[in-house]
Structures are given as C-alpha cells and as structure tokens.
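# Overview (structure and organization)
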Amino acid sequence: SGLFALASGFNHSCEPNIARFSIGDVTAFVTNRPVEAGEELFITYIESELLCAPRSLRCQSLNRDFTCACGRCSNPEVDGRGDPSQRRF
C-alpha cells in the first residue's frame with residue numbers, strides 16, 4: 001500500500017480509458033484506446049478481472065463512499081452480460 005499522488009487525480013470508471021502499471025517505484029499510465037482531446041481520463045479502482053462482472057459485484061468491490069455512475073453502470077442492459085467482443089478494458 002502507499003500514497004499514489006498522481007493516480008489520485010483520476011476518477012473511476014468500469015470502462016477505463018487508461019491503465020496503470022507499476023514496476024518498482026515507477027508508475028506509468030497508458031491509454032488503452034484512442035482518447036479525444038479534452039476527454040476525461042479514467043482508471044478503474046477495482047481489479048481488472050471484475051470489470052466483466054455484474055454491476056452488483058463491481059459496486060461491492062469498490063467499497064467506496066460513492067456509487068459508480070459510469071456509462072456502463074448507468075446502462076442496466078449491459079451489466080456485465082453484453083457481447084464480449086464489444087467489451088473494452
């Protein structure tokens with residue numbers, strides 16, 4: 001555990017557009033899809049394996065003082081059961 005000052009500037013999404021990689025004391029953030037100028041950057045606060053899980057499990061794993069309202073969680077028709085070829089991580 002530790003204090004990640006740079007990472008704390010990113011909000012959470014269950015459809016993150018950047019990933020965080022840590023090697024020793026070096027942390028890198030890499031986009032995982034094209035990002036438009038001015039588009040907000042999101043990381044996920046949960047383990048990437050849970051991004052395919054139903055919303056109830058994702059929310060349980062967040063264990064934070066907020067309710068996720070990302071595009072995926074706001075769409076009850078997706079909820080982890082969508083077409084796997086359309087999922088982005």
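Further up the page is the structure itself.
Below is a summary of the structure that appears in this document. Once a new chain begins, its residue numbering starts again from 1 and follows that chain's sequence as written. Only residues with pLDDT of at least 70 are given local features in this predicted model, and only at 80 or more are side-chain atom pairs given and counted; all residues enter the totals for whole chains, interfaces and linings. The basis for every side-chain value is the complete set of non-hydrogen atoms in the structure, without hydrogens or water.

### So, the overall build of the protein
Secondary structure elements are defined from DSSP: runs of H or I of at least 4 residues count as helices, runs of E of at least 2 residues count as strands, and each element is numbered from the N terminus. In terms of helices and strands, the protein carries one helix and four strands. Counted from the first residue to the last, the protein has its helices and strands arranged as β-β-β-β-α. Each of the 89 residues in the protein was classed as buried or not, and the buried ones make up 22%. Counted over contacts in the protein with a minimum sequence separation of 6, partners at least 24 positions apart contribute 46%. Each residue is placed in one exposure class: buried if its accessible area under a 1.4 Å probe, protein chains only, is under 20% of its type's maximum, exposed if it is over 50%, and partly exposed if it falls in between. In this description, contact between two residues means that some pair of their heavy atoms is separated by no more than 4.5 Å.

### Quick look at the pairing of strand S2 (residues 18–23)
In this scheme, strands are said to pair when DSSP sees at least two bridges between them. Bridge count for S2 against strand S3 (residues 26–31) is six bridges, and the pairing is antiparallel. For Ser22, the partnering residue across the bridge sits in S3 and is Thr27. The hairpin formed by S2 and S3 contains two residues between the paired strands, and Gly24 there has a positive phi angle of roughly 65°.

### A short note on the nonpolar core
With seven residues, the main nonpolar core is built from Cys14, Ile46, Leu51, Leu62, Cys68, Cys70 and Cys73. What Leu62 contacts, discounting residues up to four positions off in sequence, is His12, Tyr45, Ile46 and Cys68. Definition used in this section: a nonpolar core is a set of buried Ala, Val, Leu, Ile, Met, Phe, Trp, Tyr and Cys residues joined via side-chain atoms within 4.5 Å.

### Considering the pattern of salt bridges
For this document, the term salt bridge refers to a Lys or Arg side-chain nitrogen within 4 Å of an Asp or Glu carboxyl oxygen. Applying the stated criterion across every chain yields a total of one salt bridge. In this structure, Arg33 and Glu39 form a salt bridge, with 2.6 Å as the shortest nitrogen-oxygen distance. With a relative accessible area of 27%, Glu39 lands in the partly exposed category.

### Considering the side chain of His12
For His12, the position within the fold is in strand S1 (residues 11–12). Exposure remark for His12: the relative accessible area of 8% places this residue in the buried category. We define a polar contact as two N or O atoms separated by no more than 3.5 Å, with the added condition that, inside protein, one atom must be a possible hydrogen donor and the other a possible acceptor, whereas residues neighbouring each other in sequence contribute only through side-chain atom pairs. Reaching out from His12, the side chain makes a polar contact with the backbone nitrogen of Tyr45 at a distance of 2.9 Å. Ignoring anything within four residues of it in the chain, the contact list for His12 reads Phe42, Ile43, Thr44, Tyr45, Ile46, Leu62, Phe66 and Cys68.

Remember, this is a structural readout, not a statement about activity or role.
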